[in-house]
Amino acid sequence: MIRICFVCLGNICRSPMAEFIMKDQVKKINLENKYYITSRATSYEEIENDMYIYAKEKLNEKNIPYTKHISKRLEKKDYDKYDYFICMEDSNIKNALKIFKEDSQNKIIKLLDKDIDDPWYTGNFEKTFNDLIEGIDNLIIKLNNKS
Ligand code: 4NP
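Here the structure is a predicted model, which is why all the values come from computation and not from measurement.

Trainee: Tell me about the packing of helix H1 (residues 14-28) against helix H2 (residues 53-61), residues and numbers included.
Mentor: Between H1 and H2, whose axes approach to 10 Å, the crossing angle comes to 20°. Of the possible angle classes, the one that applies to H1 and H2 is roughly parallel. Between H1 and H2 lies a crossing of right-handed hand. Contacts from Met 17, Phe 20 and Ile 21 in H1 reach Ala 55, Lys 58 and Leu 59 in H2. In the contact of H1 with H2, the residues fall into five nonpolar, no polar and one charged.

Trainee: An account of the sheet that holds strand E3 (residues 84-87) is needed here, citing residue identities and associated values.
Mentor: Strand order in the open sheet formed by four strands is E2-E1-E3-E4, with parallel pairing between adjacent strands. Across the chains shown, the open sheet's two edge strands, defined by having one partner strand only, are strand E2 (35-41) and strand E4 (108-110). Between one strand axis and the next, the sheet turns by 30° as a mean value, whatever way the strands run. As defined by bridge partners, E3 adjoins E4 across three bridges and the pair is classed as parallel. Looking across to E4, one finds that Phe 85 is bridged to Ile 108. Together, strand E1 (2-8) and E2 form the strand contacts of H1, whose direction differs from that of E2 by roughly 170°. Against the sheet, helix H3 (residues 90-100) touches E1, E3 and E4, its axis set at about 170° to E4.

Rules behind the numbers
Residues numbered from 1 in each chain as written. Predicted model: local features only at pLDDT ≥ 70, side-chain atom pairs only at ≥ 80, totals over all residues. Heavy atoms only, no water. Axes fitted to C-alpha atoms, helices over the stretch in contact; angles between N-to-C directions. Helix = DSSP H or I, 4+ residues; strand = E, 2+ residues; numbered from the N terminus. Parallel < 35°, antiparallel > 145°, perpendicular 65-115°, else oblique. Left-handed = near helix turned anticlockwise from the far one by under 90°. Contact = heavy atoms within 4.5 Å. Nonpolar A, V, L, I, M, F, W, Y, C, P; charged D, E, K, R; others polar. Pairing = 2+ DSSP bridges.

Structure (structure tokens):
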């Protein structure tokens, strides 16, 4: 079982979208039992809130199923629970490192080489969705080649 935790600032747009996109992708290739997938925030801003309405609308438009989401903040004790903390932008990595204090097992990575824009600020959920798809497709190929 590969344990994946997507990480963004608020855990109401990018990381839950990534969580549900990846769950859908691995289900489609019958690998859902190989992965445990979740998501977390680095900030306290949106804790306990559901996914943002426009993030849900984008997933609806793309026929990607999701369940009720409750935003949770990343905690130090999470470090041992997951194999990868997959961040959306450099500031998420910096903030995750502040929470964990160190990344001795190199678990913290970025989904794409570039930062994935925060649609909470840009309003461009289509661009964020396309970046997430690109990153998750590549991630699944990499992880499937590993094992
Ligand atoms: P996310 O977007 O990091 O993609 O979930 C954000 C949503 C809300 C806030 C920040 C980022 N906020 O500060 O309220």
